[in-house]
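Each chain, letter by letter, is given below.
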There are 2 protein chains.
Amino acid sequence: MDTPSLETPEEAEHAFYVAFQAANLVAMMRVWADDDAVVCIHPLGPRLQGRAAIEQGWREMFQAGTPLRFEVMQSQRTHGQLLAVHCVREMIYFGPQLRRRTEILATNVYRKTPDGWRMFLHHGSPVEAPELSGADSGTLH
Amino acid sequence: MDTPSLETPEEAEHAFYVAFQAANLVAMMRVWADDDAVVCIHPLGPRLQGRAAIEQGWREMFQAGTPLRFEVMQSQRTHGQLLAVHCVREMIYFGPQLRRRTEILATNVYRKTPDGWRMFLHHGSPVEAPELSGADSGTLH
């Protein structure tokens, strides 16, 4: 597999979701910056920090083997020289014939590195579903 | 009340949590950038975009009148020239004698403006609580 060049934050984001949908751990980890400070928060999950913890998180998710299809929409982008922040809405289709759907709000931060733009932070969280109503944290903040 | 100078992302973050804990809407909105692209995602909430929607979100939260005390810890900071990204753990104490506690993971993005550093994005999400286990979105991503 070719190593992606990722010359813009948009290319890095595209590579991230392609790897995610394909459950391709090698491709996924190529998107991430080689930096101890990288952070990944999966919906309702703990904060994973550093490449080793993040890789293990994706490994566990990909091993679950759930087929997924993504639509990424409503991207709100803010770019600096070294950092780019994209706030996106992920529509995720899954289950038999990919007919079930869930919605995740994600903040994706990319950082310019000597090897191009790389994922630096991914923070995903669900929009409140009926079964989650009444959780303490949902009413506080 | 003096308008804060907010000469660093850290000063902006401090002002944000002071305003949040004090439920002070005027002080809170002074921390936010004057920009249509600002985004606020409260835990399990929708994406609020633009100052008007964000102000309404804080107004509703502050009107609930729940006394809160914050401890902000484990800050992971990445700074560029124009953008700064802080990933923090918020311990929030509430309820009678502030004895109950919940934990929120937050990504805070600050942007340098002519008026100093201002909040550009706040994305908060709960860490999975036992009562939230099994939600679709928690197992997918």
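In what follows, the structure referred to is the one given above.
Note that the structure is predicted; figures quoted are calculated from it, not measured. (Residues numbered from 1 in each chain as written. Chains lettered and ligands numbered in written order. Predicted model: local features only at pLDDT ≥ 70, side-chain atom pairs only at ≥ 80, totals over all residues. Heavy atoms only, no water.)

Run through the sheet that holds strand β6 (residues 116–126) of chain B, naming residues and quoting values.
Residue and element names in this part refer to chain B. Taken in spatial order, the six strands of this open sheet run β2-β1-β6-β5-β4-β3, and their pairing is mixed. Only two strands of the sheet have a single partner each, and these edge strands are β2 (47–49) and β3 (68–79). Each neighbouring strand pair of the sheet contributes to a mean axis angle of 25°, computed without reference to strand direction. Summarising the sheet, strand β5 (residues 100–113) and β6 pair through ten bridges and their orientation is antiparallel. Counted as the bridge partner of N108 is H122 from β6. In this fold helix α1 (residues 9–22) packs onto β3, β4 (83–94), β5 and β6, with an angle of close to 160° to the strand it touches most, β3. Here helix α3 (residues 51–63) sits on the sheet in contact with β1 (39–41), β2 and β6, set at roughly 125° to β2. (Pairing = 2+ DSSP bridges. Helix = DSSP H or I, 4+ residues; strand = E, 2+ residues; numbered from the N terminus. Axes fitted to C-alpha atoms, helices over the stretch in contact; angles between N-to-C directions. Contact = heavy atoms within 4.5 Å.)

Could you give an account of the relation of the copies chain B and chain A, with specific residues and numbers?
The operation relating the pair of chain copies consists of a rotation about an axis and a translation along that axis. Superposition of chain B onto chain A requires a rotation of 180° combined with a translation of 0.0 Å along the rotation axis, giving an RMSD of 0.0 Å. In short, the pair behaves as if placed about a two-fold rotation axis. A share of 100% of the interface residues of chain B reappears at the interface of chain A, consistent with the copies meeting face to face through the same patch. (Least-squares fit on C-alpha atoms with pLDDT ≥ 70 in both.)

Give me the lowdown on the packing of α1(B) against α3(B), citing residues and values where you can.
The axes of two packed helices give the description: the angle between them and the distance between them. Residues and elements named next belong to chain B. The N-to-C vectors of α1 and α3 enclose an angle of 45°; their axes lie 10 Å apart at closest approach. One finds that α1 runs oblique with respect to α3. On α3, the residues that touch F16, A19 and F20 of α1 are W58, M61 and F62. Looking at the contact of α1 with α3 residue by residue, the classes come out as six nonpolar, no polar and no charged. (Parallel < 35°, antiparallel > 145°, perpendicular 65-115°, else oblique. Nonpolar A, V, L, I, M, F, W, Y, C, P; charged D, E, K, R; others polar.)

An account of the side chain of N108(B) is needed here, citing residue identities and associated values.
Residues and elements named next belong to chain B. Locating N108 in the fold gives a position in strand β5. Polar side-chain contacts of N108 include one of 2.6 Å to the side chain of H122. Not counting residues within four places of it along the chain, the set of residues in contact with N108 comprises E13, Y17, A84, V85, H86, V88, M119, L121 and H122. (Polar contact = N/O pair within 3.5 Å; in protein donor to acceptor, adjacent residues only side chain to side chain.)

How would you explain the environment of T102(A) if you had to name every residue and give the values?
Residues and elements named next belong to chain A. When you line up the elements, T102 lands in strand β5 (residues 100–113). Residue T102 is classed as buried on the basis of its relative accessible area of 12%. C-alpha separation for the pair T102 and V127, spaced 25 residues apart in sequence, amounts to 8.8 Å. (Buried < 20%, exposed > 50% of the residue type's maximum accessible area, 1.4 Å probe, protein only.)

Explain unusual backbone geometry residue by residue, including any values.
Residue and element names in this part refer to chain A. Although it is not a glycine, L44 sits at a positive phi angle of roughly 65°. Mapped onto the elements of the fold, L44 is located in the loop between β1 (39–41) and β2 (47–49). For L44, a relative accessible area of 2% translates into the label buried. Notably, Q74 is not glycine yet its phi reads approximately 50°, a positive angle. By the element assignment, Q74 lies in strand β3 (residues 68–79). A relative accessible area of 44% places Q74 in the partly exposed class.

Residue-level account of the sheet that holds strand β6 (residues 116–126) of chain A, with values.
All names here are of chain A. If you walk across this open sheet you meet the six strands as β2-β1-β6-β5-β4-β3, and the pairing is mixed. Bordering the open sheet on either side are β2 and β3, each of which pairs with just one other strand. Ignoring which end each strand starts from, the neighbouring axes of this sheet average 25° apart. In terms of strand pairing, β1 meets β6 through three bridges, oriented parallel. Opposite I41, over in β6, you have H123 as the bridge partner. Contacting β3, β4 (83–94), β5 and β6, helix α1 (residues 9–22) crosses the sheet at an angle of about 160° to β3. Against the sheet, helix α3 (residues 51–63) engages β1, β2 and β6, with an angle of about 125° to β2.

For α1(B), give the residues involved together with the corresponding values.
Residue and element names in this part refer to chain B. Here α1 spans 20 Å end to end across 14 residues, near enough to the 20 Å set by a 1.5 Å rise per residue. Within the sequence span of α1, burial applies to P9, A12, E13, A15, F16, Y17, A19 and F20. Along its buried surface, α1 packs onto α2 (25–31), α3, β3, β4, β5 and β6. Where α1 terminates, the next one or two residues include A23, which has phi positive at roughly 50°. (Expected span 1.5 Å × (residues − 1).)

These values are about where atoms sit, not about what they do.
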